[in-house]
Amino acid sequence: MKIKHKVAIIYRYIPQYRYSFYENLRNRLLDEGVELVLIYGQPGANDRLKGDAVEIPWGIKLKNRILHTVRTELYWQPAMKYIRDADLVIVEQANKLLLNYYLILMNIIGRKKIAFWGHGKNFQSTSRNKTSELIKKWISSKVSWWFAYTEKCAQIVRENGFPADQITVVQNAIDTKNLIAARKKITTEQINELKKALHIRGSNVGLYVGAMYNERKLDFLLESCNLIRSYIQDFEMIFIGKGKDQKSVENMAQENQWVHYVGPKFDDEKIPYFALANVFLMPGSVGLAILDCFALGVPLITTEDPDHGPEMEYLKNGVNGIMVQDAYKPDQYAQAVSQILKDKGLYKSLIDGCKKSAGKYTLEQMVENFTQGVLKAIHG
């Protein structure tokens, strides 16, 4: 295929869950005669704690220059020489990326076509960063195209005054196809061996997989787990992940034999733990983890928390997961978890709902949506 156009994506760093997306997007764009240039750097202090950074051999890795301030980190990404001949440059919608302001100016004066990829707003915004959100809202309308994570994000962008016909809803996803295939290979013997290795004796097991930071409400979850244990005496809990709040999890695991902390696990490493678990517990700030739950058939139980990512719109309460209405009462959360573990009919219906949803939110569809958006943005 003859290369007709070039598109560049600039991102701070490559998290593990995006690796398959970029590989597939590169190949799909080549089918359309479009070369993808992926430019990325290293994670900052907060993202580094997640331990999920990976490298892509064909990408261009730069050294981000990071300025640490009292409230945030500011990034300068020295990428200009790599995007001079790009027909379209796609950047993360983030105020802390200083290069964005220069690129927006280039877009305004017609020197370079720029697109945003993001949420439309910070879903974890507080009163302390109202100014930041006002800036984000203003610059959101100064680009040529928008790649919105979900329909909810697209609605936010439209409400900011951006033309609806210049927005692509990518339907944010991960590689659920490979997750499903890998789960089918897990045998009962492997599950029993894992239970033995973890010294799990109970038949009711909860699971948490993800970065460990304040918005995830880990203290709330730990308190809830204690209550669940009082309602269901053989309940046990597995925690997977790392982050600045992992110490509280480690402490509880040291003090309670029924709590198990196993550190970070990625890709196929985490699948046996899903195969062992009955429910996935993440009360706060749920994002793409919901797709792990769909693909691996482990119902998510969360709360109506304002810090959730836009992917929460994939959850249909009582169909493919549970959202506890009161986000600040551990006893209500614990009771909801206990009910699901006891009610086999409800539990089975949630698993069925997960499997149906897994077929809807796929990486293949995200790649296709993104590809069509790129083609429209280039020719628009």
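Scroll up to find the structure this text is about.
Presented here is an overview of the structure given in this document. (Residues numbered from 1 in each chain as written. Predicted model: local features only at pLDDT ≥ 70, side-chain atom pairs only at ≥ 80, totals over all residues. Heavy atoms only, no water.)

Before going further, it helps to spend a moment on the sheet that holds strand 8 (residues 88–92). Strand order in the open sheet formed by seven strands is 5-3-1-8-9-10-11, and the pairing between neighbours is parallel. One side of each edge strand has no neighbouring strand; the edge strands of this open sheet are strand 5 (60–61) and strand 11 (167–169). The sheet contacts of helix 1 (residues 19–31) involve strand 1 (5–11), strand 3 (34–40) and strand 9 (114–118), and relative to strand 3 the element is tilted by about 155 degrees. Those strands touched by helix 14 (residues 363–379) are strand 1, strand 3, strand 8, strand 9, strand 10 (145–148) and strand 11, and its axis lies near 175 degrees from that of strand 10. (Pairing = 2+ DSSP bridges. Helix = DSSP H or I, 4+ residues; strand = E, 2+ residues; numbered from the N terminus. Contact = heavy atoms within 4.5 Å. Axes fitted to C-alpha atoms, helices over the stretch in contact; angles between N-to-C directions.)

The next subject is the pattern of salt bridges. Throughout the structure, instances matching the rule amount to 12 salt bridges. In this structure, R12 engages D47 in a salt bridge whose closest nitrogen and oxygen atoms are separated by 2.9 Å. Residue R12 is located in the loop between strand 1 and strand 2 (14–15), and its partner D47 is located in helix 2 (residues 45–48); the two are separated by 35 residues in the primary sequence. The residues R12 and D47 share a single accessibility class, namely buried. Two residues, K348 and D352, come together in a salt bridge whose shortest N-O distance is 3.1 Å. (Salt bridge = Lys/Arg side-chain N within 4 Å of Asp/Glu carboxyl O. Buried < 20%, exposed > 50% of the residue type's maximum accessible area, 1.4 Å probe, protein only.)

Moving on: a nonpolar patch on the surface. A cluster of nonpolar side chains, namely L98, Y101 and I135, defines an oily patch on the protein surface of about 230 Å² accessible area. As for its placement among the helices and strands, L98 is situated in helix 3 (residues 98–108). (Patch = residues over 30% accessible without salt bridge, like charges linked within 9 Å, V, L, I, M, F, W, Y side chains within 5 Å. Areas by Shrake-Rupley, 256 points an atom, 1.4 Å probe, with all protein chains shown as cover.)

For the rest of this paragraph, the subject is the packing of helix 11 (residues 289–296) against helix 13 (residues 344–358). Put simply, helix 11 and helix 13 touch, their axes get as near as 7 Å, and they point 110 degrees apart. Classified by the interaxial angle, the pair formed by helix 11 and helix 13 is roughly perpendicular. Each of C293, F294 and A295 in helix 11 lies in contact with helix 13, whose residues at this interface are C354, K355, S357 and A358. Here the contact of helix 11 with helix 13 is composed, by residue class, of five nonpolar, one polar and one charged. (Parallel < 35°, antiparallel > 145°, perpendicular 65-115°, else oblique. Nonpolar A, V, L, I, M, F, W, Y, C, P; charged D, E, K, R; others polar.)

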